[in-house]
Amino acid sequence: MNEPVFQIEGLTKNFGKNEVLKGINLTVNKGEVVSIIGASGSGKSTFLRCLNLLEQPTGGQILYHGEDITAVGFNVNEYRTKVGMVFQQFNLFNNMSVLKNCVIGQQKVLKRTKEEAEKVALYYLEKVGMAQYRDAKPRQLSGGQKQRVAIARSLSMDCEVILFDEPTSALDPEMVGEVLLVMKDLSKSGLTMLVVTHEMQFAKDVSSRVIFMDGGVVAEDDAPEVIFNNPSNPRTQEFLFRVLNKDI
Amino acid sequence: MNFFNEVIKIIVDYHGMLLEGLGYTMLIALIGTVVGLLIGIIIGIVRTIPKSKSAFVRVIQKIVDVILTVYIEVFRGTPMMVQAMVIYWGYAFASGGNTLPLIPAGLFIVSINTGAYMAEIVRGGIISIDKGQFEGAQSVGMNHFQTMFHVVIPQAIRNILPSVSNEFVINIKDTSVLNVIGVMELFWQATKIQTMNYQIFQIYVIISVMYFIMTFTVTRILRLFEKLLDGKNTYVIHGSQSDPNAEIKITEEAHG
């Protein structure tokens, strides 16, 4: 089971003079569900975006199955079909129906036929409970529905990994549950998931591993029981105390 | 009344010339606008190509960008009437006396002039598209051209259609400047009729009405086209909890 998907070493990212990532070291194995938590500005989202090369890393190395993804000549587009991404703002294609959103990438990038692509798309839309809405346009859907379609769009590419960048942060509270439920189902399917989230309950119950990021580095990396019940780093304790006691 | 009789007489006597002028005006304006839009879209796609990692390709990108900027600024910054003279007589000068065929020359001038404006309009349209649309396309592995062609440009065109329609109207009117090189469009026909009967006021009232009918019709048609591009507001939900074959038609958009 311990087949590494990502081996990240000394990953840094600067925006001008602003150092956002200051040397991240992390190995993610196949089938792991990793929640990435931490305060705003700690570099969680930037880290995730570097993994999909939506941001170009400044330094360090990201190996995907042993291959350096920042090397010259590395096929980024093919890589992105295997490492999907789900965004906070969904980023569904506004000019296409739900079905077309899940079909277009398969057709144009994976070169599947229309029939084949639609079959795959409907299978995954069924899985996220959105097949009924296949003819709707994104503007006709609620936030939770859009996010479920976005998940189906990534899955339709038969990806191995999905990166979730705060998938429920833009949703109305009553729609968070339906998205988390889909993600919980996925976590059992063997898909490798990296989830930047503020949903502590999800991190605690669903993930197999929790990473606490602070100031651009991985401050703590452990099983959810350890992070939530017995964190060793005082910064982790402080952060969790703040977010878990926000109601008081 | 005398005036109306004269107008009717001009229409009866010269309807062939007037209709020929109208035909050429519409032809040049339509093709000029469409080709101009295509030029604008191509420039828009080329200009948004991400900077290459290779230094050599970056230099080429820079050179292309400079050439495109010069093209846009020069053609936006000089009158189309002057461009027509420079291109038409420039060709005659360079070829030692040969002249360009008139209609293709007119099409070329209007297209290339419109292209310069359209490049800026398309750029505005591309900028108006949310960055998330680009990232969504990249996240499924689309390259720049696939992203632009399937996701960004279709949305950008919808957004810029009012400006495109505006350019079309301007072109219908501005083809009149092509009379300086003798293109047989509507204004040129009027100048010919005028030398035959000297009823200048009557002739130009007639062609103003003709210009207005053309521009008004075109704006209405493009409005309809905009609605068409927006697509239906309704969609069908396939299957319900009790019946998997149910089809529920949703006619109202969901809000919030």
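Quick caveat: nothing in here was measured; it's all calculated off a predicted structure.

The rules behind each value
- Residues numbered from 1 in each chain as written.
- Chains lettered and ligands numbered in written order.
- Predicted model: local features only at pLDDT ≥ 70, side-chain atom pairs only at ≥ 80, totals over all residues.
- Heavy atoms only, no water.
- Contact = heavy atoms within 4.5 Å.
- Buried area = accessible area lost by both parts, 1.4 Å probe.
- Polar contact = N/O pair within 3.5 Å; in protein donor to acceptor, adjacent residues only side chain to side chain.
- Helix = DSSP H or I, 4+ residues; strand = E, 2+ residues; numbered from the N terminus.
- Nonpolar A, V, L, I, M, F, W, Y, C, P; charged D, E, K, R; others polar.
- Buried < 20%, exposed > 50% of the residue type's maximum accessible area, 1.4 Å probe, protein only.
- Axes fitted to C-alpha atoms, helices over the stretch in contact; angles between N-to-C directions.
- Left-handed = near helix turned anticlockwise from the far one by under 90°.
- Phe/Tyr/Trp six-rings, centres within 6.5 Å; stacked < 30°, edge-to-face > 60°.
- Lys NZ or Arg CZ within 6 Å of the ring centre and 35° of its normal.
- 1 Å grid on protein atoms, 1.4 Å probe; cavity = no way out; pocket = protein on both sides within 12 Å on 5 of 7 lines; lining within 4 Å.
- Points joined across faces, edges and corners; volume = space filled by probe spheres on them.
- Core = buried A, V, L, I, M, F, W, Y, C linked by side-chain atoms within 4.5 Å.

### What about the interface of chain A and chain B?
Buried accessible area, meaning the area lost when the parts come together, often serves as the stated size of an interface.
Now for step 1: Of the residues lining the interface, 33 residues belong to chain A; the matching set on chain B comes to 31 residues.
Now for step 2: Both faces combined, the contact of chain A with chain B buries some 2,700 Å², and carbon together with sulfur accounts for 49% of it.
Now for step 3: If you sort the residues of chain A by the area they bury against chain B, Gln132, Arg139 and Gln140 of chain A come out on top, with a joint share of 23%.
Now for step 4: Applying the counting criterion to the chain A and chain B interface returns 11 residue pairs in polar contact (both at pLDDT 80 or more).
Now for step 5: Listing elements by their share of the side of chain A that touches chain B, those giving two or more residues are α2 (76–82), β6 (83–86) and α3 (98–108) of chain A.
Now for step 6: Class assignment of the residues belonging to the side of chain A that touches chain B gives a composition of 13 nonpolar, 12 polar and 8 charged.

### Some points on unusual backbone geometry
Residues and elements named next belong to chain A.
Now for step 1: Despite not being glycine, Phe90 shows a phi value in the positive range, around 65°.
Now for step 2: Looking at the element boundaries, Phe90 is found in the loop between β6 and α3.
Now for step 3: One non-glycine residue, Lys111, lies in positive phi territory at about 60°.
Now for step 4: When its relative accessible area of 63% is taken as the criterion, Lys111 is described as exposed.

### Topic: the packing of helix α2 (residues 55–77) of chain B against helix α4 (residues 102–127) of chain B
Any two packed helices are characterised by how steeply their axes cross, that is the angle between the axes, and by the distance between the axes.
All names here are of chain B.
Now for step 1: Running from N to C, α2 and α4 cross one another at 115°; their axes reach a closest spacing of 8 Å. Of the two elements, α2 crosses α4, and the hand of that crossing is left-handed. Facing α2, whose interface residues are Tyr71, Ile72, Phe75 and Arg76, α4 presents Ile112, Asn113, Gly115, Ala116, Tyr117, Ala119 and Glu120.
Now for step 2: Split into classes, the residues belonging to the contact of α2 with α4 amount to 7 nonpolar, 2 polar and 2 charged.

### Description of the packing of aromatic side chains
Now for step 1: In total, this model carries 12 aromatic pairs over all chains according to the counting rule given.
Now for step 2: For the pair Tyr133 of chain A and Tyr235 of chain B, a centre-to-centre distance of 6.5 Å together with 45° between the ring planes defines the contact as tilted. Of the two residues, Tyr133 of chain A sits in the loop between α4 (114–127) and α5 (143–156) while Tyr235 of chain B sits in strand β1 (residues 235–238), which places them in two different chains. We note that Tyr133 of chain A, like Tyr235 of chain B, is buried.
Now for step 3: Of note, Lys13 of chain A hangs over the ring of Phe15 of chain A, and the distance from its end group to the ring centre comes to 5.0 Å.

### Looking at the layout of surface pockets
Now for step 1: Considering only enclosed or pocket space, the largest pocket measures out at about 1,100 Å³ in volume.
Now for step 2: Every residue lining the largest pocket is counted, 32 residues in all, and those nearest its centre are Val76 and Arg80 of chain A together with Pro50, Lys51 and Gln138 of chain B.
Now for step 3: Breaking the lining of the largest pocket down by element, the ones donating at least two residues are α2 of chain A together with α5 (131–139) and α6 (144–174) of chain B.
Now for step 4: When grouped by side-chain class, the residues that make up the lining of the largest pocket number 14 nonpolar, 11 polar and 7 charged.
Now for step 5: One number sums up the size of the second largest pocket: a volume of about 490 Å³.
Now for step 6: Around the second largest pocket, the lining comprises 19 residues; the ones closest to its centre are Asn94, Asn95 and Arg139 of chain A together with Gln155 and Arg158 of chain B.
Now for step 7: Looking at the lining of the second largest pocket, the elements with two or more residues in it are α6 and α8 (200–230) of chain B.
Now for step 8: With 5 residues, the top contributor of residues to the lining of the second largest pocket is α6 of chain B.
Now for step 9: For the lining of the second largest pocket, the per-class residue count stands at 6 nonpolar, 7 polar and 6 charged.

### Topic: the nonpolar core
Now for step 1: Counting 42 residues, the largest nonpolar core has Leu125, Val149, Ile151, Phe164, Met183 and Met193 of chain A as its most contacted members.
Now for step 2: For this core, the elements supplying multiple residues, two or more each, are α3, α4, α5, β7 (161–165), α6 (173–187) and β8 (192–196) of chain A together with β1 of chain B.
Now for step 3: By residue number, the principal contributor to this core is α6 of chain A, which donates 7 residues.
Now for step 4: In this view, Leu125 of chain A contacts Val98, Leu99, Cys102, Met130, Ala131, Val149 and Ala152 of chain A; residues no more than four positions away in its chain are not counted.
Now for step 5: Counting 31 residues, the second-largest nonpolar core is a separate cluster that includes Leu11, Val20, Leu53 and Ile69 of chain A.

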